[in-house]
Amino acid sequence: MFDENTLKQAKGVKQKWSELLGKLYKGREFKGTTESGIPVKPFYTPEDVEDIDFEKDIGAPGLYPYMRDNYPIHYQYMPWINQQTHGFGLPEHTRERMDMLAREGMKGYFGGRAYNIVWDVPSHFSYDPDAPEVHGYVGKDGVTCVNEEDFERLLHDIDLTKNNIVLIASDTIPVFAHYLAYAEKRGFPWSKLRGNTMNWFHVGWWWPSCYWDPKHAFKLCAEVAHFCAKEMPQWNHSNLECHAMHGLGANALQELAFGLANAIAIADECMNAKINPDSFMPGIGFQIANGNDFFEYIAMFRAWRRMWARIAKERYGCKKPASMHLRVHSHTSCIDLTAQQPLVNLIRTTLHALGAMLSGTTAMELPGYDEPLGLPNEETATLSLRIQQVLLHETNIKNVVDPLGGSYYMETLTNQMEEAAWKIINQIEEMGGFVKAMETGWLTKQCRDSADRWRSKIDNNERVVVGWNKYAIPEDKELEYKVFNVDPEVERIAVERIKDYRARRDQEKTNDALKKLNEAAYRVLKGDYGHLMPAAIEAARAKATIGEICDALKKPFGWGYNVMAKA
Amino acid sequence: MSDESRKIRILLVKHVIEGHDRGVKFVLGKLRDEGFETIYSLYRLPEEIVTQAQQEDVDVIGVTTSSTVYQVHIPEVVRCLEENKMKDDVFLLVGGLVGGEDEKNLLGMGVDAVYGPGKDLGTLPPLIHEFKRSKSNKVSS
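Within each chain, residues carry numbers counting from 1 in the order of the written sequence. Written order decides the labels, with chains lettered from A and ligands numbered from 1. Reporting in this predicted model follows two pLDDT cut-offs: at least 70 for local features of residues, and 80 or more for side-chain atom pairs to be given and counted; totals over whole chains, interfaces and linings ignore these cut-offs and use all residues. To get the side-chain values, all heavy atoms of the structure are used, and hydrogens and water are removed first.

Engineer: Give me the domain arrangement of chain A: which residues, what numbers.
Structural biologist: All names here are of chain A. Start and end points for every domain follow an automatic or database-based domain assignment. Domain annotation of chain A identifies domain 1 (1-6 + 32-75 + 238-398 + 406-460) and domain 2 (89-232 + 487-567). Look at where the C-alpha atoms of domain 1 and domain 2 centre, and you get two points 28 Å apart. Listed per partner, the contact involves 34 residues of domain 1 and 31 residues of domain 2. Buried area adds together the accessible area that both of two parts lose upon being put together, with accessible area traced by a 1.4 Å probe. With both chains or domains summed, domain 1 and domain 2 bury close to 2,900 Å², and 62% of this area falls on carbon and sulfur atoms. Every residue pair with non-hydrogen atoms within 4.5 Å of one another is taken to be in contact.

Engineer: For the environment of Thr349 of chain A, give the residues involved together with the corresponding values.
Structural biologist: Residues and elements named next belong to chain A. You can see Thr349 is positioned in helix H14 (residues 344-359). Note on Thr349: relative accessible area 1%, which makes it buried. Linking Thr349 and Tyr369, residues 20 residues apart in sequence, is a C-alpha distance of 7.8 Å. Setting aside its immediate chain neighbours within four residues, Thr349 contacts Thr332, Leu337, Leu366, Pro367 and Ile387. Working definition: helices are DSSP H or I runs of at least four residues, strands are E runs of at least two. Numbering for both runs from the N terminus. Classification of residues uses two cut-offs on accessible area relative to the type maximum, computed with a 1.4 Å probe and protein chains only: under 20% is buried, over 50% is exposed, and between them is partly exposed.

Engineer: Quick rundown of the interface of chain B and chain A? Include the residues and the values.
Structural biologist: Taken together, the contact pairs 32 residues of chain B with 45 residues of chain A. Summing both sides of the interface, chain B and chain A together bury roughly 3,200 Å²; the carbon and sulfur share of this comes to 54%. It is Ile17, Arg22 and Phe26 of chain B that lose the most area in chain B upon contact with chain A, and together they represent 25% of the buried surface on that side. For this analysis, a salt bridge means a side-chain nitrogen from Lys or Arg found within 4 Å of a carboxyl oxygen belonging to Asp or Glu. For the pair chain B and chain A, the interface holds 1 salt bridge. For Asp21 of chain B, the salt bridge goes to Arg448 of chain A, with nearest N and O atoms at 3.4 Å. Polar contact criterion, stated in full: a pair of N or O atoms within 3.5 Å, where within protein one must be able to donate a hydrogen and the other to accept it, and residues adjacent in sequence count only if both atoms are side-chain atoms. Put simply, chain B and chain A have 11 residue pairs in polar contact (both at pLDDT 80 or more) between them.

Engineer: Lay out the sheet that holds strand S3 (residues 81-82) of chain A with the relevant residues and their values.
Structural biologist: Residue and element names in this part refer to chain A. Here we have 5 strands laid out as an open sheet, ordered S3-S13-S12-S11-S10, and parallel in their pairing. Where the open sheet ends on each side, the last strands, each with one partner, are S3 and strand S10 (238-241). In terms of strand pairing, S10 meets strand S11 (residues 284-288) through 4 bridges, oriented parallel. Each bridged residue has a counterpart across the sheet, and for Glu241 the counterpart in S11 is Gln287. Should DSSP find at least two bridges between two strands, the strands are taken to pair.

Engineer: Which residues make up helix H21 (residues 532-541) of chain A, and what are the values?
Structural biologist: Residue and element names in this part refer to chain A. Counting buried positions over the 10 residues of H21 gives 7, a clear majority of the element. Every buried residue of H21 is accounted for by Leu532, Met533, Ala535, Ala536, Ile537, Ala539 and Ala540. If you follow the buried residues of H21, they end up packed against helix H6 (172-185), helix H8 (214-231), helix H19 (490-503), helix H20 (507-525) and helix H22 (546-557). Phi for Lys543, located one or two positions after H21, is positive at around 65 degrees.

Engineer: Go over the packing of helix H12 (residues 294-315) of chain A against helix H16 (residues 408-430) of chain A, please, and point to the residues and values.
Structural biologist: All names here are of chain A. Lines fitted to C-alpha atoms define the axes here, with helix axes fitted over just the stretch in contact, and angles between the N-to-C directions of these axes take values from 0 to 180 degrees. At a closest axis distance of 8 Å, the pairing of H12 and H16 adopts a crossing angle of 55 degrees. Accordingly, the angle class assigned to the pair H12 and H16 is oblique. The interaxial crossing formed by H12 with H16 has right-handed handedness. Residues Phe295, Glu296, Ile298, Ala299, Met300, Arg302, Ala303, Arg306, Met307, Arg310, Ile311 and Arg315 of H12 pack against Tyr409, Met410, Glu411, Leu413, Thr414, Asn415, Met417, Glu418, Ala421, Trp422, Ile425 and Glu429 of H16. Orientation is classified from the angle alone, with under 35 degrees giving roughly parallel, over 145 giving roughly antiparallel, 65 to 115 giving roughly perpendicular, and any other angle giving oblique. Two helices crossing with the near one rotated counterclockwise from the far one by less than a right angle form a left-handed crossing, whereas a clockwise rotation gives a right-handed crossing.

Engineer: Provide a residue-level description of the nonpolar core, including the pertinent values.
Structural biologist: Counting residues in each nonpolar core, the largest one holds 161 residues, and the members touching the most others are Leu155, Tyr179 and Phe286 of chain A. Top contributing element to this core by residue count: helix H10 (residues 252-272) of chain A, with 13 residues. Residues lining this core come from more than one domain, with at least three contributed by each of domain 1 (1-6 + 32-75 + 238-398 + 406-460) and domain 2 (89-232 + 487-567) of chain A. Counting 24 residues, the second largest nonpolar core, distinct from the first, contains Val78, Leu81, Val94 and Val98 of chain B. Working definition of a nonpolar core: buried Ala, Val, Leu, Ile, Met, Phe, Trp, Tyr and Cys residues. They are joined through side-chain atoms within 4.5 Å.

Engineer: Just give me the short version of the pattern of salt bridges, but keep the residues and values in it.
Structural biologist: Residue and element names in this part refer to chain A. Enumeration according to the criterion identifies 48 salt bridges over all chains in this entry. Ionic pairing is found between Asp402 and Arg302, a salt bridge with its closest N-O pair at 3.0 Å. Remark: Arg302 occurs in helix H12 and Asp402 occurs in the loop between helix H15 (378-394) and H16; sequence separation between them is 100 residues. Assigned by exposure class, Asp402 and Arg302 land together as buried. One salt-bridge network, held together by shared partners, links Lys56, Asp57, Arg306, Arg310 and Glu418.

Engineer: Account for the packing of H10 of chain A against H16 of chain A, naming residues and giving values.
Structural biologist: Residues and elements named next belong to chain A. Where H10 contacts H16, the axes come no closer than 9 Å and their chain directions differ by 50 degrees. As the angle between them shows, H10 and H16 are arranged oblique. Classified by chirality, the crossing of H16 by H10 is right-handed. Where H10 approaches H16, its residues Ala252, Leu253, Leu256, Ala257, Phe258, Leu260, Ala261 and Ile264 are matched on the opposing element by Met417, Ala420, Ala421, Ile424, Ile425, Ile428 and Glu429. Each residue gets one of three labels, nonpolar for Ala, Val, Leu, Ile, Met, Phe, Trp, Tyr, Cys and Pro, charged for Asp, Glu, Lys and Arg, and polar for the others, Gly among them. Of the residues belonging to the contact of H10 with H16, the class tally is 14 nonpolar, no polar and 1 charged.

Engineer: Quick one: what's the story with the sheet that holds strand S6 (residues 164-168) of chain A, residue by residue and with numbers?
Structural biologist: All names here are of chain A. Here 5 strands make up an open sheet; going across it, the order is S4-S5-S6-S7-S9 and the pairing parallel. In this open sheet, the two strands that pair with only one neighbour each are strand S4 (85-86) and strand S9 (235-236). Across 2 bridges, the pairing between S4 and strand S5 (residues 114-118) is parallel. Counted as the bridge partner of Thr85 is Asn116 from S5.

Engineer: Outline the pairing of strand S1 (residues 9-15) of chain B, supporting the account with residue identities and numerical values.
Structural biologist: Residues in a regular strand project their side chains so that they alternate between the two faces of the sheet. Residue and element names in this part refer to chain B. In terms of residue burial, S1 counts as a mostly covered element, since 7 of its 7 residues are buried. Covered by surrounding structure in S1 are Arg9, Leu11, Val13 and His15 together with Ile10, Leu12 and Lys14, the residues of both alternating faces. Inspection of the sheet shows S1 paired to strand S2 (residues 37-43) by 7 bridges, in the parallel sense. Within S2, the position partnered with His15 by the bridge is Tyr43. Classification remark: right-handed applies to a crossover when, strands pointing away from the viewer, the course from the first strand over the helix to the second runs clockwise. For the crossover from S1 across helix H1 (residues 22-33) to S2, the handedness is right-handed. Here S1 pairs with strand S3 (residues 60-65) via 5 bridges, running parallel. Its bridge partner lying in S3, Leu11 is registered against Ile61.

Engineer: Lay out a nonpolar patch on the surface with the relevant residues and their values.
Structural biologist: Exposure above 30% relative accessible area and no salt bridge define the residues that can form patches, which grow by joining like charges within 9 Å and nonpolar side chains of Val, Leu, Ile, Met, Phe, Trp and Tyr within 5 Å. The Shrake-Rupley method, run with a 1.4 Å probe, gives the accessible areas here. Residue values count only the displayed protein chains as cover. On the surface, a cluster of nonpolar side chains totalling about 370 Å² of accessible area is made up of Leu20, Leu24, Tyr25 and Phe30 of chain A. When you line up the elements, Leu24 of chain A lands in helix H1 (residues 4-25).

Engineer: Break down the environment of His325 of chain A for me, citing the residues and quoting the values.
Structural biologist: All names here are of chain A. Examined against the element boundaries, His325 turns out to sit in the loop between helix H13 (321-324) and strand S12 (327-331). Classification of His325 by relative accessible area gives buried; the value is 9%. In sequence terms His325 and Trp308 are 17 residues apart; their C-alpha atoms lie 7.4 Å from each other. A polar contact is formed between the side chain of His325 and the backbone oxygen of Asn70, at a distance of 3.2 Å.

In C-alpha cells:
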C-alpha cells in the first residue's frame, strides 16, 4: 500500500522507537490482547499494512466490498435509526411509551420512525395469554399483542407504510400473520409495508427455550423469506440475533463468525427454496452487540461488512448492491452492564454507542442504565435516546464516514478479525454446517465456555469491572433503585380479551383454516414453499389465535422444550 | 432419615419459556464444584417445582428468572411448600434479575437467599451448610 521510501522510513522510525523503549523501560515487554484473544502491539506503522491492497481491501464508502460503509455519505445525509426497544403490558401501555419516545425525538429514516416493539415471552413462543403455563409472564417483558384487535390498540393512527414496524417475536409466523391481517384491514397494501420480522425459529435451540427441530427450523425461516420476496419487497424478513450470542457469552470474534454462519444457513435454505438471491438477501439484517473492547468491536463491524459483501457476491452470486449491504441494528451490550452502581452504565453505554457510530451502524438500540434491574422506565428510556442525540448533534463525528479507516492499527485488526472468523466459519462448514453446530451443542458450548472464562476472570480479579469487583460501594451504602413494574392487572385483562375473542368467532371457519395451515406445513417439508404463510394469514383472518396457529405447525416441524437446557 | 454422609442435594429450575440461563448455568457449575449434588430442570407451573423437589428429595430449591415473574411464581412456590409441610426443611433460593426492593420483599415472604446480578457466589455454600446444620440440630434436640 506504500511506496518503498515510506516503508524504509517506517522501518527507521520503528527502530528508533524500539531503542527508546529499551532505554526508558529497561527491556520490559508491552503487549495486549483483545477480548477475543487476538494479540495487539502497542504501536503500529505502515509496515503492518504493507500487504493490503487499498482498492480491493479498503476502498471507499459505498463501493464494494463496502467495508467502509454501505453508502458514499452516511450520517450527514441519513443519520442512523433510533431503534429503542419498547414493549410491556397491554398494547395501550406500549403505545403510551411509543408516543413518549416519539415526543422525545426518536427518529428513523426520512421523517419516519422505527417502532422496535418487543413481544412478551409467551408471544415469542406463541402461547395464548390464557395458556396455564405462561401464568406470570403475560405482558411482563414485552407487550401482549396477539390479534388484530390488539394491533389496533397498539398502532391506531400510525401509518404502516411510512414507519418501520419491527415485530420482535421469536416464532415469527403467528404474530406476523395477525399483523398482515390487521394491515390489510386498515387498507395498507403488504407491498408497501416497512419493517422487520425476526425469523428466530432456530434461536430457541441455543437460547435456550422452546425450540423448533434444528433440521426444520430454517425451512420456516425460508418460508417467511419466500413470502416477503414475493409480496413485501420493502420488508426485512430476517434478523440475525447475534446480540443474544453475545449475551450467552460469545466474544466479538465468535459473534462475527457465528452470526455469519447463521446467516449462511438461512440464505442456503432460501436458495433451496428457489428464491432469487437478489430478492432475499436485502431482507436479511443483523442485530449486533457493541461491547466493552472498544476497537475490537469496531474492527469486527468493518470485517463483518466486508465479509457479508463477499458472501453475497461470491457465494450467492448477488448483483444488487442492496444485497451486499450489511444492515445492522446495534443492540449495544447488556451483559457488560452492572446492577451495582447502575448509573455507571450510562458511561458504558455511551462508549458502546460511540463505537457503534464509529463503525457506521445503520440503527441503534441502547439499553437503559437500569437494564440489569429490569425494564427501562420513562426516564432511563429517554436517557438512552439522549445518548444517541448527543453523539449525533454535539460531536461532529457524523462529518466523516469510517473515520478510523486507514489507521494502521484498525486495518490490521480488521484483517485479523476477518481471517480468524473465516477459520471458524470453515470449521463449522467442516462439521456439517450451522445446523450441525447447533444440534450437537457445539455452538452453545463455545459461547458458554467464553462466559465462564469471563466470569472467572472477574472472580479472580484479573478483569476489573468498575463498581463490582473494584471501587464497590459497601452494601449498606448501596442506593436503592426502583424496579420498573408492569401493572399486575395486565394478565387478567389479556386473558379476558382472548377468551372473548375466541367466543366471538365462527369456530367452523377457524377449524377449517387451521386444517389447511397444517396441510401447507407438510408441503414446506416436501420443498413446496409459498403456501404456508398465506394459509397462516387466512387462519389469522379466521380468528385463529397465535397458540392455535403455532399448534398447527408443531407436529410437522417438530417442537419441544429444549433438552439441551438440561445439559 | 437424615443421613450425615449424604451429600446436600440442590434442585435448580428455570421456566420452559425463560430464555436466559447464563447465570444459572454458572451457579450450577459453582455448586457442583463445591461438592453439592445438583439437579437442573425445567418447570411449567410453580407447583411442579415443589413436586420435583419432593421426588428428588432435595435440600435446596433454586429458581432463576430474568424478569419480575418471581413476584408471581415465588409466592406460589412458598404456598405449595407450606401446604406440603416442606417449607422449614427446604432452603429456597432465588436468582436472576432481582433488583431494588424486591429482594427484601422476597426475603420477607420466606425466601432464604436472593442472588441477584453480580452477587458474590462464594457466600452461598456457607449459607446452605449453616441451614442444614441448624435443621439437623433441630432434629436431634
